[in-house]
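Summary of structural features
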Amino acid sequence: MTEAGPHRTPNLLAPRSWASPFQNSWTVVVRVSELAPDLKEGLGKAVAKMNSTWMMKDTTPHLLCGRSADHSIDKEYFVVLMFSIIFLTGLLRVSLRISEVSILTILSIVGFVIGQLAYSFLQVHQIVHPLLKTPSFSLYAYVAPLIIFKVALEVDFYVLKNMLWKVVLIGFIGSSTAFIVIGYVVMKFNKDSWNLQCCLLFSMITGMLDPINSVLSLKTIGSSKMYTDIIRGESMIMCGVAYILLATFRNLKHMPVIDGFSIFVNFTFVIFGSILFGYLFSRIVRFLLNDQFNNTLTDLTYCFSMVYLTFYVVEFFKMSGMVALITVGLNLDSLSFRPKTELVITKFLMLFLSMFQPLLYVFWGIVIGCGERNHLKLDTVTFMFLLFVTLNVVRALTVVLVSPILRHLSSDYDWRWGTVIAWSGIKGIFNLFLAPEMYSLVEKKAESPEVFLLYTQILSLMTLGINSYMMTSFARQLGLCAISLPRQMAIQSIIKHIEEIRQNTITLSKTEKLLTNVNWTLVEEKTKIEYSIPFHDVSHGKHEQESLTDEVLMEEARLHVARIQMNSFEKQCHEGILNAKAARMLIGATKSFSPIHGKFMSIYDVSTYVKAKSWLIKFKNILTMLDYHKNMADFFPSGNNRFQTYIYYIVASEEFEYTGNAISFMYIFPMIMHLWPMARELNVSSLILVNYYFIFLYVLQSALKVIIMKRKYFYQHWNIVEFCILLIGIADISCIYFVRLRPSNMILIQITIILGYFRIIRFIPLIKVIIPLLVSVVDVQLKKRGSLMYTITKGYVKSQEDTKLLIKQISSRESVYQKLYEILETNRRDGVKELGLIERECRDVVIALKTKQAVRTVISRALKELTFQSSRGIIDHHEVIEVNKVLLSKIKELNKLPMAIPPPPPEKYLHNIVWLENKDIYIEFFKNKARLAYFEYGSVMCQEGEMAKGIYLIISGMAVLHSSSPTFGIDSGLGVHTGSQTMFTEYCTSGDLIGELSCLLKRELQYTAICETVLQACFISLEDLYEGFDAFWPILEYKIWLKLALDIARQYFESVLVDEDLKFHKCVTLSLAYVETLSDWNEMTIDKETMKFVIVVYGGVTDKQTNVPYLAPCILPTACEQVRGTSGVNKLLVIQASGASQKEGQLRGHGYSQHWSSNIQ
């Protein structure tokens, strides 16, 4: 008999109770006693026939050990069922394109139908038999770790850390409210025979928020990320509380005696133990992922294996593995992974979640369908709706209770946000994970355990559908998903920038010969960007945009600047410019200051956030003050007093100090005996004699010092300490003597006892021994902090420079652009100033850092070249791996470099002058001519308006340059720059040059250079410089002009030239750019085919056709075809196009004089 007859009783199949989280399973139970008498005999025959049928088939599986399994099953089709469910899920998503909750509802119904078929048909039951035999804890232990790890990784820990206690308080309030209210409703209105324990566990599990689905609607409507982080953090706190309580309940079940103290101890142990284990495992994961030799596959293996290892190890010690994984995920960020590895891990976790979530709903539907159907009544449906209403009422009550906290977290919070957040009480996969645990933990088992799953799954589907829809609807109707006008203008500015790039690409492509027959009208039509903002309540009126004040636009731009800076920090970290610790501190500081209205983070804010070294310096000053400086040369006795001379040699010897320290060490054992009552009673007379002996030695030591040092003995603090010890010791001996004379005097006895305990101060001089060790430890820490602060400051300066390239795309309003530029430039100058100050204080450390950075840059360049050669097929893949290992080993060896490296000799700094190109002939020439110059703090190196005396190459120290608006060689008669009274400030540090332009032109200096620190420089006089020009004419002078032209172009047009590789060495060797010189009224023709950009860097030119003047610094427009000079000296930087003549480029790059006027008429 393979099919049950139509008369079969519906409760033939029932789920067996889960007796243990690890051992319970779903099996078939035949309740013969509940059947009618006339069915017992037929059922017995049917069961016997089924058993005989199974035994006739040789389907008993064999284990790996070779033995047979202890049970018999039919063919395994469960895996086919699983993949069929996954295929059905994908088919529903692609074909129907309906919401996720609709798909989950359909799959739950499919699962219930499969369960009903398994209830009625043996063949279907054999298919789902592996699921029904699965322990209730297995699915939770196999799948939940990866999902909770994914959720924890998505949380912005920097933001959560700033409001950690507030979010924790919100989570505890939500958990407590749900626990009390839902528990009361379940106890009052549930018709099932649930005891108090069942009701409390049910309220605990259904009261949790799902961290994934509760914020999904907020993310899709484009709401504030802060509210998303708050709700996700609250959800994780509520999940953590539930996991901790469940772990505590499991532990209490195995305790013989349960009282309040044991519950408190176990609860505390689970909380702090789980968090501590999670933190330790997160450090291990970081350490493993930081290995340079790892590839993506190795990182994935480490990451996922450590996730499960963390979970099972913590669960083994009777703690919460989920809380530990939450801690691991929160302590890992994007800087913990390589860029590609993070993307692969994120994609895998998303794939895993999208596959298993539908499976879980189908599995639970199967389990519910395989159970009894007598619980499917009208009371059950009514109770489900009552629970749904209760959950939303609890959520609304929680929002009301935590509104003061939310209002404190965000000034934008009002009743509208409260309404939206009140509908965020969505249940999901995490509630389903813990649903079987309710039946496992209760002592009195319920008759229908599948009811727990039924209630949880229906509530999950109802909240997923209704609450998500209500959140989206309220957010749109209340205007919370509308994009503000400043944000719209920022988006329009970006679209405008993309449109400009599109148009420039088309314009440049039209000049290519291979694309001459292209239909450019069709290309422009197909590539035209038509983008409309996809949210409601947006304003497109030009009048409304113009009505916005600069303050409003600046606030929106400030947030953009913060995001750009954080991206810059991450990029620098991945490129090796910043280490992970410095990048995390910079990102954390940015996220700490970004919520402050109108606050642009400065380098001083970063220093405050890091709390760099204040306590270390104070501690070192204290140690320096306490350090014992034994300088006895000043105390040599005058005259021929042999006795004092003999005493002097004794006191001045090292053995004398060692003897004093040995005396203090020797007294440790007598002091222990004195503090031990039993030993003190047995050795009273011995301890008194030892005390006399040590006081005699102290008297002798002090007397010898006084004989030599006389009054100056009391000028040293350690001598004062020794003298105080001596006085207290004499008082101690005196009190002991008087106690022997008057043994009945209680006051004297008490004083003697107190003075006896004061003998412990005799060990204070031993601090002198460990002070030098502490000073060396503090010096190492100060070097580390100095290295960290220099790295942080350098990364901050680089982020300011990167942001300056993009501010034109942030805001199209010119006034906002100017303000942003001034703020970023001021912050950059402050950062450069801090770099100079740090370099002055920790010069050796900074040199070591720069050395490591130079090595890393060279190796990174080699790795890029290796990747390029491999992509072209020039080198084999196996050879790439071997060479890559060699290069990575070089990077790993950087950790062995010393923390401090002494500076090179001054003549080595000549190699840093870029226009000398590290050529020996140039360096030897100027090495014989240059001399060292030293300046004190506040000294004026050169004054504005004075004639230049030469070029200064800064070796160490920092100088500040103060100047008015630069003229760039423009005649005062044009009246463009003369009216500006703006003062410019620039900081120059090691390796910078001062006075190049003035020496080239033999004109007055346009700035004043003042030393901010003690400064050392290499000085090349004007006469020696022009002697070099004569010796190496005209190459050397041309190279200096090329270097200055490139600096001016990068300073003023970096955003335009961001895609151009304008390094000096490449411009010289590959002729990427060159400098043209125009005299007054001379003309130059601009060849559009060979000249990509023409930049006026000094002087001015006029368009010959339109007579429009172009004054330095500016980029000549593409419509300009021929220009003539307007000043005495006019310099133009020409950036060549990719198709320029190589021969012409080589001539220009090497500065041959015959080409200088090739295009000049």
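Residues numbered from 1 in each chain as written. Predicted model: local features only at pLDDT ≥ 70, side-chain atom pairs only at ≥ 80, totals over all residues. Heavy atoms only, no water.

A look at the overall build of the chain
Selection criterion: Each helix is a run of DSSP H or I of at least 4 residues and each strand a run of E of at least 2, with the numbering of both proceeding from the N terminus. Note on classification: 1.4 Å probe, protein chains only; a residue is buried when its accessible area is under 20% of the maximum for its type, exposed when over 50%, partly exposed between these limits. The contact criterion used throughout is that any non-hydrogen atoms of two residues lie within 4.5 Å. Note on areas: Shrake-Rupley with a 1.4 Å probe; residue coverage comes only from the protein chains shown.
Of regular secondary structure, the chain possesses 43 helices and 16 strands. Classification of the 1161 residues of the chain by burial places 48% in the buried group. Partitioning the intrachain contacts of the chain with sequence separation of at least 6 by distance along the chain shows that 79% fall at a separation of at least 24. Surface accessibility of the chain: about 59,000 Å² in total, with carbon and sulfur atoms responsible for 62%.

A look at the nonpolar core
One broad trend across soluble globular proteins is that nonpolar side chains are buried collectively. Rules: Throughout, nonpolar core names a set of buried Ala, Val, Leu, Ile, Met, Phe, Trp, Tyr and Cys residues whose side chains join them through atoms within 4.5 Å.
Ranked by internal contacts, the top residues of the largest apolar core, which has 128 residues, are Tyr140, Ile147, Trp194, Phe356, Ile429, Phe430 and Phe433. The greatest single-element share of this core, amounting to 15 residues, is contributed by helix α14 (residues 339–370).

Section: the packing of helix α11 (residues 260–289) against helix α12 (residues 296–316)
Put simply, the rule reads: Convention adopted: a line fitted to C-alpha atoms gives each axis, helices being fitted over their contacting stretch, and angles between N-to-C directions are expressed from 0 to 180 degrees. An angle below 35 degrees is treated as roughly parallel, one above 145 as roughly antiparallel, one from 65 to 115 as roughly perpendicular, and anything else as oblique. Throughout, a crossing is termed right-handed when the near helix is turned clockwise from the far one, and left-handed when it is turned anticlockwise from it by less than a right angle.
Between α11 and α12, the shortest axis-to-axis distance is 10 Å and the interhelical angle comes to 165°. Here α11 is positioned roughly antiparallel relative to α12, judged by the angle of their axes. Pair α11 / α12 crosses with right-handed handedness. Counting all contacts with α11, which are made through Ser274, Phe277, Phe281, Ile284, Val285, Leu288 and Leu289, the residues of α12 involved are Asp299, Tyr302, Met306, Leu309, Thr310, Val313 and Val314.

A closer look at the environment of proline 902
Mapped onto the secondary structure, proline 902 falls in the loop between α37 (877–892) and α38 (920–929). In this structure proline 902 comes out as exposed when scored by relative accessible area, which is 58%. When the C-alpha positions of proline 902 and valine 845 are compared, they lie 8.4 Å apart, and in sequence the two are 57 residues distant. Those residues in contact with proline 902 that sit more than four places away from it in its chain are Asp844 and Ile847.

Topic: the confidence of the model for the chain
Any segment with low pLDDT has predicted coordinates that should not be analysed in fine detail. Here is the rule: Residue-level confidence of the predictor is summarised by pLDDT, bounded by 0 at the bottom and 100 at the top.
Per-residue pLDDT for the chain has a mean of 79; in total, 86% of the residues score no lower than 70. Under a pLDDT of 50 for its full length, residues 975–980 has, in the predicted model, 8 contacts with residues more than four places off or in other chains.

A closer look at the side chain of serine 274
Counted only if it meets this: We define a polar contact as two N or O atoms separated by no more than 3.5 Å, with the added condition that, inside protein, one atom must be a possible hydrogen donor and the other a possible acceptor, whereas residues neighbouring each other in sequence contribute only through side-chain atom pairs.
As for its position among the elements, serine 274 is in helix α11. Note on serine 274: relative accessible area 0%, which makes it buried. Within the structure, serine 274 has its side chain in polar contact with the backbone nitrogen of serine 320 (distance 3.0 Å). Those residues in contact with serine 274 that lie beyond four places of it in its chain are Phe269, Val314, Met319, Ser320, Val323 and Ala324.

Structural notes on unusual backbone geometry
Along the chain, alanine 1112 connects to proline 1113 via a cis peptide bond; the corresponding omega equals -5°. By secondary structure assignment, the location of proline 1113 is in the loop between β13 (1109–1111) and β14 (1114–1115). Even without glycine at this site, lysine 318 takes up a positive phi of about 65°. As for its placement among the helices and strands, lysine 318 is situated in the loop between α12 and α13 (321–330). On the basis of relative accessibility, which here comes to 47%, the residue lysine 318 falls in the partly exposed class. Even without glycine at this site, glutamate 917 takes up a positive phi of about 55°. Mapped onto the fold, glutamate 917 is located in the loop between α37 and α38.

Remarks on the sheet that holds β14
To keep it simple, the criterion reads: Any two strands are treated as partners once DSSP identifies two or more bridges connecting them.
Sheet architecture is open: 4 strands sit in the order β9-β16-β11-β14, paired in antiparallel fashion. Bordering the open sheet on either side are β9 (1073–1079) and β14, each of which pairs with just one other strand. Bridging between strand β11 (residues 1091–1098) and strand β16 (residues 1129–1136) involves 6 bridges; their strand directions are antiparallel. Across the sheet, residue valine 1096 finds its bridge partner in β16, namely leucine 1132. Most of the contacts of helix α41 (residues 1035–1053) go to β9, to which it runs at about 105°, and overall it touches β9, β11, β14 and β16.

Observations regarding the side chain of serine 1021
Within the fold, serine 1021 resides in strand β8 (residues 1015–1021). Within the structure, serine 1021 has its side chain in polar contact with the side chain of aspartate 1024 (distance 2.8 Å). Not counting residues up to four positions away in its chain, the partners in contact with serine 1021 are Lys949 and Gly950.

Notes on the packing of aromatic side chains
Ring pairs (aromatic) are described by centroid distance and by the angle formed between their planes. What counts is decided by this rule: In this analysis, rings of Phe, Tyr and Trp, with Trp reduced to its six-membered ring, are considered paired at centre separations within 6.5 Å, and the interplanar angle assigns stacked below 30 degrees, edge-to-face beyond 60, and tilted for intermediate values. Over a ring means this: the NZ of a Lys or the CZ of an Arg is within 6 Å of the ring centre and within 35 degrees of the ring normal.
Applying the stated criterion to the full structure yields 37 aromatic pairs. What links up through ring pairs into an aromatic cluster is the set Tyr140, Tyr243, Phe304, Tyr308, Phe311, Tyr312, Phe348, Phe352, Phe356, Phe430 and Phe433. Its end group placed over the ring of tyrosine 667, arginine 762 keeps NZ or CZ at 4.8 Å from the ring centre. In this arrangement the basic side chain of lysine 1002 is found over the ring face of tyrosine 1026, its NZ or CZ atom lying 4.2 Å from the centre.

Digging into the pairing of strand β15 (residues 1122–1125)
The side-chain alternation of β15 yields two buried faces, one formed by Gln1122 and Arg1124 and the other by Val1123 and Gly1125. The pairing of strand β12 (residues 1100–1103) with β15 spans 3 bridges and is antiparallel. Note on β15: the bridge partner recorded for valine 1101 is glycine 1125.

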